Amino acid sequence: LTLIMASRDPGRDPRSLLSCVNGFQPKALVFVSEKRCAFAAGKLIVEMDVESKKQRFVQGHSATVTCITHSEQQALGASGQVLRSGAKWAEVLLWDSESLEICACFSFHQANVEAVGFVQDGEVLVSIGSDRDRTMALWPAARDGCFRIGRKEGVPLAVCSAYKGGAISGIAAAPGSSDLPMLFATYGVQHIKFWRSPRSGRLSQAIEGRRGAFGSDGVPKMILCAVWVARDRLVAGGNNGEVFFFHGSRAVRKMEPQSSPVACLLPLRESLAIVHGNGMCHFLHGGKTTDVEFSSVAGWPGPRFRTQLVSGAWKDRHLLLSSKTHLIYLDLSNGLPRATCKPLVSQPAAALTSVATHPVAPRIYTAALDGLVRCYDVKDMTQLEQRSFHGSNQGVTCLAISGAADEESSAWLAVGCSDSTLSIMSENSYQYVLRRTLSGSKAKLTCAKFSSVDMSGKHPLWLAVGTDDGCIHTFRFKEPCCCSSAYTGMHTGEEVVSKVATLRGHEAPIVDICFADTLPCNYLISVDLSGKELAFDVPMARRLPTMTLVREVPFHPWTLPVGWQMQGCKVDKKLPRVHEISGRQLIAVATDVIEIFPFPCMSPPSIHPLRLEGPSAPIASLLFNPMNDSLLASSDTALFVWSWEAEAQARLPLSPLRSVQESETPDSRKPQVPAFTPPPRPRVQVQDDQSKSGIGKPRPKAAGIAKQL
């Protein structure tokens, strides 16, 4: 495997294969500089240039990253993670914000790390765990200075309980130099707490904490954000739109301009900007209030796809806002009337279920449980809202796009939903040709695959859809692609596509389906959740008696987690996600991590397989895109892309065949064998049929079944 990888990418660090992450943790984001931001995605910290969208990554976490912070004075960043299963500690990593190299790892918290923040000009790092006491630890983070003198490695400077009554939302450090006494605030469920050290310059073992007083109106349910406007003045925002103005540790004023939660507070010169979850922004200046709706700014996401804002970060007059679906950059340098808006990342509001790539155009489609099908430009992963659409109210569970299409025609797009509804449409115009419920019991559609495309139209195009009740529904198309001039109406039904059969034999939900890579396409193989593998004759709509009848048939790309090709791929979980990497003699096997094995893998490799780190949740779908030589994996709401950055090794569509016997296997790894049809089921009482079909004869050792027939 090392030789194979080195022959394609000599001297390449495997970690550099990661090229893009399209996803983020909405409450873990920060500005690194005016033009660079950082956010959490899976096990990674993604650093992005807001102008070019170029990404770099901090790798080192072993579980999902929960929080992130940055110190401009020390040029350091810090991030915390959840407690990994089987681990004793939840680590906090300290990393250089320029080189993105790990500087230190603090192992102390025995529960998820809930919040991190720098204080004292970045010389001290504060981390808070989610245990019952909300244990707070203070760590030396300065590159030089008194906090690094006389301290043991890995031992906190001080430890105490932050708040025993509920979760912590964040940490806000008071302005001022490191020579002043330490002062910062923690806030969260029904509280805000002010912390200070009694000494100047150095930190004592015990720091003092005092809860803030909210006045006669009572304590809010949740404090979501807080910002210091002076060393003795702090502003905090609540979940019901309340804004509290603190002098010292006492609230002296309260206002409630909106009932929507406060997502971000931005202190400007002689003014304060209050951003609410509904996109409304209130500017307080000289006792006057100006209301601005961010949705009116050019570039703001459309109403079909945007959700409520939940968090934000700021740097001078630059604002970073996040919702469940969008990470948005706002530049207020030229004032609000001339503000510029740029969506940096867009993701679904619920978990991704499937990914499909267009055979010719540089775009991909994703399906998610929020019921939306989103289209992205492959170059920079920008969401194409005009090509994205609502697929179902119940959630889209599978997606498939047919093969090659020319300029005058369109590929077919199949969308399967959790309520057993299948929609087949033109990929260009989104005009339906079929919309049908496949199961009377409303069984979820789990997977969908198209067969190889014969552009001459001599051999039909097939679609197979697997369901949660173990059935496979097959459809035959009249034309290999959708001609926009021919099908302009809705639901043309049998004129374009017809259902052929329902293939049975599985007792568990269908996991994956793979068509034979031949023309005509006569066979498919399928695997269910129990690992049972079956082969079917597609035109005859019958199950084959044994898998050996299709052993010599080419199936490309290989996507099944079982089979003789996968015998050497030993993984912890029984049925991982699998996808062959075309042109590289490799296959990606994904569970919680992605491992790259040689393909075919008949026996365990002598060296440990290459591991692609990044996702923290199980991989829901895996896809290799030959157009740009990249591997895509969806995990929770994030899409991870690993690219070899080589010339696109796009596989040409199969050429029309003169006859079935003259077909060639497009896979160069296997010998060229003629396309064939397995013999009919043997009838024991008829001796002549057995002799004609070869049943009962000894099988030659060196000859395959295709050659024998």
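On a predicted model such as this, the values are computed, not experimentally measured, just so you know.

## Notes on the sheet that holds strand 51 (residues 610-612)
To summarise the sheet geometry, strands pair through backbone hydrogen bonds and adopt either a parallel or an antiparallel arrangement.
Here is step 1: What the 4 strands build is an open sheet, ordered 48-49-50-51; its pairing is antiparallel. The sheet is open, and its two edges are formed by strand 48 (577-581) and strand 51, each paired on a single side. In this sheet, neighbouring strand axes are inclined to one another by 25 degrees on average, regardless of whether the strands run parallel or antiparallel.
Here is step 2: Direction of pairing for strand 49 (residues 586-590) relative to strand 50 (residues 594-598): antiparallel, over a ladder of 5 bridges. Residue pairing across strands places Ala588 opposite Ile596, the latter belonging to strand 50.

## Concerning the side chain of His326
Here is step 1: Within the secondary structure, His326 sits in strand 28 (residues 326-331).
Here is step 2: With residues up to four places along the chain from it excluded, the contact list for His326 reads Phe24, Pro301, Phe305, Arg306, Leu321, Val345, Ser346, Gln383 and Glu385.

## Remarks on the pattern of salt bridges
Here is step 1: Within the structure shown, the criterion is met by 16 salt bridges.
Here is step 2: Residue Arg36 pairs with Glu98 through a salt bridge whose shortest N-O separation is 3.5 Å. Taken together, the residues span a long stretch of sequence, with Arg36 in strand 3 (residues 36-41) and Glu98 in the loop between strand 8 (90-96) and strand 9 (102-109) at a distance of 62 residues.
Here is step 3: For Arg36, a relative accessible area of 15% puts it in the buried group.

## Topic: the confidence of the model for the protein chain
Here is step 1: Within the protein chain, residue pLDDT values average 84, and 84% of them lie at 70 or more.
Here is step 2: Confidence over residues 1-12 falls short of pLDDT 50; this stretch has 23 contacts with residues more than four positions distant or in other chains.
Here is step 3: Contacts of residues 485-491 to residues separated by more than four positions or lying in other chains number 14 contacts, the stretch itself having pLDDT below 50.

## Overview of the nonpolar core
Here is step 1: Core analysis: the largest hydrophobic core is formed by 37 residues, its most contacted members being Phe39, Leu320, Leu344, Ile594, Ile596, Leu631 and Trp642.
Here is step 2: What Ile594 contacts, discounting residues up to four positions off in sequence, is Ala588, Val589, Leu610, Arg611, Leu612, Ile619, Leu622, Leu631, Ala633 and Trp642.

## A closer look at the pairing of strand 52 (residues 619-625)
Here is step 1: Within strand 52, 6 of the 7 residues are buried, leaving the element largely enclosed by the surrounding structure.
Here is step 2: In the sheet, strand 52 pairs with strand 53 (residues 630-635) via 6 bridges, with the strands oriented antiparallel. Of the residues in strand 53, the one forming a bridge with Ser621 is Ser634.
Here is step 3: Hairpin connection of strand 52 to strand 53: 4 residues between the antiparallel strands, including Asp629 at a positive phi of 55 degrees.

## Considerations on the pairing of strand 48
On a regular strand, each side chain points to the face opposite its neighbour's, so the side chains alternate between the two faces of the sheet.
Here is step 1: Counting buried positions over the 5 residues of strand 48 gives 4, a clear majority of the element.
Here is step 2: Sheet analysis places strand 48 next to strand 49, joined by 5 bridges and oriented antiparallel. Among the inter-strand pairings, His579 is bridged to a residue of strand 49, identified as Ala588.
Here is step 3: What sits between strand 48 and strand 49 in their antiparallel hairpin is a turn of 4 residues, with Gly583 showing a positive phi close to 80 degrees.

## So, the side chain of Thr357
Here is step 1: Relative to the elements of secondary structure, Thr357 occurs in strand 30 (residues 352-357).
Here is step 2: Engagement of the side chain of Thr357 in a polar contact is seen with the side chain of Asn625, the distance being 3.3 Å.
Here is step 3: Those residues in contact with Thr357 that sit more than four places away from it in its chain are Arg363, Ile364, Ile401, Leu623 and Asn625.

## Some details on the sheet that holds strand 18 (residues 223-230)
Here is step 1: Spatial strand order, 18-19-20-21: 4 strands in an open sheet with antiparallel pairing. Where the open sheet ends on each side, the last strands, each with one partner, are strand 18 and strand 21 (250-255). Recorded for the sheet is a direction-independent mean angle of 25 degrees between the axes of neighbouring strands.

## Observations regarding the environment of Ala38
Here is step 1: Note that Ala38 resides in strand 3.
Here is step 2: The spatial distance from the C-alpha of Ala38 to the C-alpha of Gln55 is 9.3 Å, given a sequence separation of 17 residues.
Here is step 3: Excluding its chain neighbours within four sequence positions, the residues that come into contact with Ala38 are Ala28, Leu29, Val30, Val32, Ile45, Val46, Glu47 and Ile68.

## As for the packing of aromatic side chains
Here is step 1: On inspection of all chains with the given rule, the structure shows 15 aromatic pairs.
Here is step 2: For the ring pair Trp412 and Phe477, a centre distance of 5.2 Å and an interplane angle of 40 degrees mean the geometry is tilted. Here Trp412, found in strand 36 (residues 412-417), pairs with Phe477, found in strand 41 (residues 472-477); they are 65 residues apart in sequence, far enough to count as distant.
Here is step 3: Measuring from ring centre to ring centre gives 6.1 Å for Phe640 and Trp642, while their planes differ by 20 degrees; the resulting arrangement is stacked.
Here is step 4: Of the residues examined, Trp642 reaches a relative accessible area of 1% and is grouped as buried.
Here is step 5: Among the aromatic side chains, those forming a connected cluster through ring pairs are Phe194, Phe214, Trp228, Phe244 and Phe246.
Here is step 6: Directly above the ring of Phe245 sits Arg253, whose terminal nitrogen or CZ lies 5.0 Å from the centroid.

Here is what the cut-offs are and how they apply
- Residues numbered from 1 in each chain as written.
- Predicted model: local features only at pLDDT ≥ 70, side-chain atom pairs only at ≥ 80, totals over all residues.
- Heavy atoms only, no water.
- Pairing = 2+ DSSP bridges.
- Helix = DSSP H or I, 4+ residues; strand = E, 2+ residues; numbered from the N terminus.
- Axes fitted to C-alpha atoms, helices over the stretch in contact; angles between N-to-C directions.
- Contact = heavy atoms within 4.5 Å.
- Salt bridge = Lys/Arg side-chain N within 4 Å of Asp/Glu carboxyl O.
- Buried < 20%, exposed > 50% of the residue type's maximum accessible area, 1.4 Å probe, protein only.
- pLDDT = per-residue confidence, 0-100.
- Core = buried A, V, L, I, M, F, W, Y, C linked by side-chain atoms within 4.5 Å.
- Polar contact = N/O pair within 3.5 Å; in protein donor to acceptor, adjacent residues only side chain to side chain.
- Phe/Tyr/Trp six-rings, centres within 6.5 Å; stacked < 30°, edge-to-face > 60°.
- Lys NZ or Arg CZ within 6 Å of the ring centre and 35° of its normal.

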